[in-house]
Amino acid sequence: MEGDPGRPLKVGLIGGSGLNNPVLFDVERTEEVTTAYGEPSSHLVHGFICDVPCVFLSRHGRNHDVMPTNVNNRANIRALRDAGCTHVLAATCCGSLREELRPGDLVLLDQFIDRTTKRVQTFFDGEVGSPPGICHLPLETPFCEHTRLLVLDVVKEKLGWDLGRKDGAGDDDDKTHFVMHEKGTVITVEGPRFSTKAESNMFRLWGADVINMTTVPEVVLAKEAGLSYVSIASVTDYDCWRPQSDHSPVHLQLVLENLKTGAERLLKLFKEVVPAIAQRDWKDVVAANEVRIKCNPDDTIGDLKKLIAAQTGTRWDKIVLKKWYTIFKDHITLEDYEIHDGMNLELYYQVIVDEMSDSAEVGEEQVGDVVREGGPLPGVTYPMQITYCGNCSMPVEYCEFYPDYEKCKAWLEKNLPDEFERATRIDDKDDSDEKKRQKRGGKGLVKAKKKQEIAKSVRVSRAPRGKKKSVTIVSGLSTFGIDLKDASKFFANKFSCGSSVTGDDEIVIQGDVKDDLIDILPEKWPDIEESLIEDLGDQKR
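In this text, all values refer to a predicted model and were calculated from it rather than measured experimentally.

A. Quick peek at the state of the cysteines. With the rule as written, the count across this model stands at zero disulfides. C50 forms no disulfide, and the closest cysteine sulfur to it belongs to C54, at a distance of 9.1 Å.

B. Here's a closer look at the UniProt feature "site: Important for substrate specificity" (unreviewed entry) in the chain. Here, UniProt's "site: Important for substrate specificity" (unreviewed entry) annotation points to S195 and L252. Residue position: S195 is located in the loop between β10 (185-189) and α3 (197-206). Among all residues touching S195, those that are not within four sequence positions of it are S200, F203, I211, D239 and C240.

C. How the structure looks around the UniProt feature "binding site: substrate" (unreviewed entry) in the chain. Under the UniProt annotation, the feature "binding site: substrate" (unreviewed entry) is placed at M213, D237, Y238 and D239. Mapped onto the secondary structure, D239 falls in the loop between β12 (228-237) and α5 (252-278). The exposure class assigned to D239 is buried, which follows from its relative accessible area of 4%.

D. Broad picture of the sheet that holds strand β13 (residues 319-323). One open sheet accounts for three strands, arranged β14-β13-β15; its pairing is antiparallel. The open sheet is flanked by β14 (326-327) and β15 (346-349), the only strands paired with a single partner. Of the pairings in the sheet, the one linking β13 to β15 comprises four bridges and is antiparallel in character. When the bridges of β15 are listed, I319 appears paired with Y349.

E. Structural detail: the sheet that holds strand β22 (residues 533-538). Spatial strand order, β20-β21-β19-β18-β22: five strands in an open sheet with mixed pairing. The two strands at the open ends of the sheet, each matched to only one other strand, are β20 (499-503) and β22. Direction aside, the axes of adjacent strands within the sheet are offset by 25° on average. Bridge analysis of β20 against strand β21 (residues 506-510) gives four bridges, and the strand direction is antiparallel. Counterpart to V501 in the pairing with β21 is I507. Helix α10 (residues 484-495) rests against β19 (469-475), β20 and β21 of the sheet, and its axis sits at about 145° to β20.

F. Structural context of the environment of L267. You can see L267 is positioned in helix α5. In this structure L267 comes out as buried when scored by relative accessible area, which is 17%. Taking the C-alpha atoms as reference points, L267 and A91, 176 residues apart in sequence, are found 9.5 Å from one another.

G. How the structure looks around the packing of aromatic side chains. Enumeration over the complete set of coordinates arrives at nine aromatic pairs. An aromatic cluster is built from F490, F491 and W525, whose rings are joined through pairwise contacts. It is R242 that lies over the ring of Y238; its NZ or CZ is 4.0 Å from the centre. The ring of F490 has K524 sitting right over it, with the charged end atom 4.6 Å from the ring centre.

H. Representation of a nonpolar patch on the surface in the model. A cluster of nonpolar side chains, contributed by M202, L205 and W206, occupies part of the molecular surface with about 340 Å² of accessible area. In this fold, M202 is placed in helix α3.

I. Broad picture of the packing of α10 against helix α11 (residues 514-524). Where α10 contacts α11, the two axes come as close as 12 Å, and the packing angle between them is 125°. As judged from the angle between their axes, α10 and α11 are oblique. The way α10 lies across α11 gives a crossing that is right-handed. Between α10 and α11, the contacting residues are F490, F491, K494 and F495 on the first element and D516, L517, I520, L521 and K524 on the second.

J. Structural view of the nonpolar core. Counting 37 residues, the largest nonpolar core has L44, I77 and L80 as its most contacted members. Broken down by secondary-structure element, the contributors of at least two residues to this core are β4 (52-58), α1 (73-82), β5 (87-96), α4 (215-224) and β12. Residue contributions to this core peak at five residues, all from α4. V11, V52, V151 and F178 belong to the second largest nonpolar core, which has 35 residues in total.

Reading the values: rules and limits
- Residues numbered from 1 in each chain as written.
- Predicted model: local features only at pLDDT ≥ 70, side-chain atom pairs only at ≥ 80, totals over all residues.
- Heavy atoms only, no water.
- Disulfide = S-S within 2.5 Å.
- UniProt positions renumbered as here; feature names shortened; annotations may be inferred.
- Helix = DSSP H or I, 4+ residues; strand = E, 2+ residues; numbered from the N terminus.
- Contact = heavy atoms within 4.5 Å.
- Buried < 20%, exposed > 50% of the residue type's maximum accessible area, 1.4 Å probe, protein only.
- Pairing = 2+ DSSP bridges.
- Axes fitted to C-alpha atoms, helices over the stretch in contact; angles between N-to-C directions.
- Phe/Tyr/Trp six-rings, centres within 6.5 Å; stacked < 30°, edge-to-face > 60°.
- Lys NZ or Arg CZ within 6 Å of the ring centre and 35° of its normal.
- Patch = residues over 30% accessible without salt bridge, like charges linked within 9 Å, V, L, I, M, F, W, Y side chains within 5 Å.
- Areas by Shrake-Rupley, 256 points an atom, 1.4 Å probe, with all protein chains shown as cover.
- Salt bridge = Lys/Arg side-chain N within 4 Å of Asp/Glu carboxyl O.
- Parallel < 35°, antiparallel > 145°, perpendicular 65-115°, else oblique.
- Left-handed = near helix turned anticlockwise from the far one by under 90°.
- Core = buried A, V, L, I, M, F, W, Y, C linked by side-chain atoms within 4.5 Å.

Written as structure tokens, this is what we have:
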């Protein structure tokens, strides 16, 4: 999921149980949205808190009618991401697994244990409309530590709440004593049932501090989407591990009674945290979030190095990626190098002289146990400037060895006239020397076959996706010289849905828009006459 690290700051607010209505700010507008992963739990409410743009979404629906297992977390996070959010403040209610975490307290979560079983936890699922590839997400720190520290500063400096309980301060019925716990491990269960006493005690032994039904996979998807995500849990009960003589075990009525107090404290906290976020520079954090999730075919080798560096804590510019004798260049894309999932690459880390062992001589770089010569080469001017051909993607001096050399020359004539003139002089001088462009085996240059004339036509069909959904498939646009990527973006904006290029001449659009598409094609591209559009009806993929 690509993004712009320089995009303006916007805060997403996810309301949980007890916090379903956007009473935080004056409503600017509401928006019904649909994503490539379906519809989010509720419509988006856009507004401002102290002039800071915010977007509110209700996790369980405005009427709290979506149970935890059925929450469309991917659509929720994608909707906030598409709305331009850089941060997410999530509210959740929870049960306490520790004596010191009392009903009414707030807990700033820092770790989680996942006990869910039925929830999709990635955007990279291989389905139509999803990002390509596999994202192996590092989750040592699942919540944004920068935003967590800011929340703690607000609690301490502006609100004056206690950070944790000291000497048993306050009691379970004290509604005026505000306490925020600096960290806590939440265990997320599938639900909707509550835990048994045996489970509750087991979770305590595992090191969990609180228990809920919603944090996972929401936090995982937010991190995968490049959002700075924090979750504040409001304690409503003691689950059921405590002896019944000391406290009533968890039940729905008890939870509802304590929700109001927790919601009031969360609202007060959000109203202070949002303007505090706007007062800081998040450019580097947002950029780091973006790098962590980039894993697309049109990303460059440099992007891949930054992803590796973010996960290993190394400097990306010291990483060398190679395959056999090919050292991959930073500005070339993964697709151009044909790097795909499951491909093994050699990774080296260039150690600077000061970091090398005493046995390595100056002018050499040591990678693992290998010492190789380094430094500038005599007679070479640095930094080296290499010009690449836009047709064959090789350095222009190697264009003459490309099978379809004439296309390279046409590109050089249009974009690099000086290089074209040099290439023409070389051709005139060495016209009789066929060995320069002789293919291995001595059979000479293999001439590119002329493409057969293809009849111009556009084919539109509808195909089922799952049990109740469908997609619209359009092919043949390339016969009119239309760029498929540009067309895919146009369809996505026009129909407000997912759209992706899935073949050499095929675009898949989420939803049933076949009839509208047939009307729009001649309007957008006049060369496509109605007689050239073929309606194939319903097809199986």
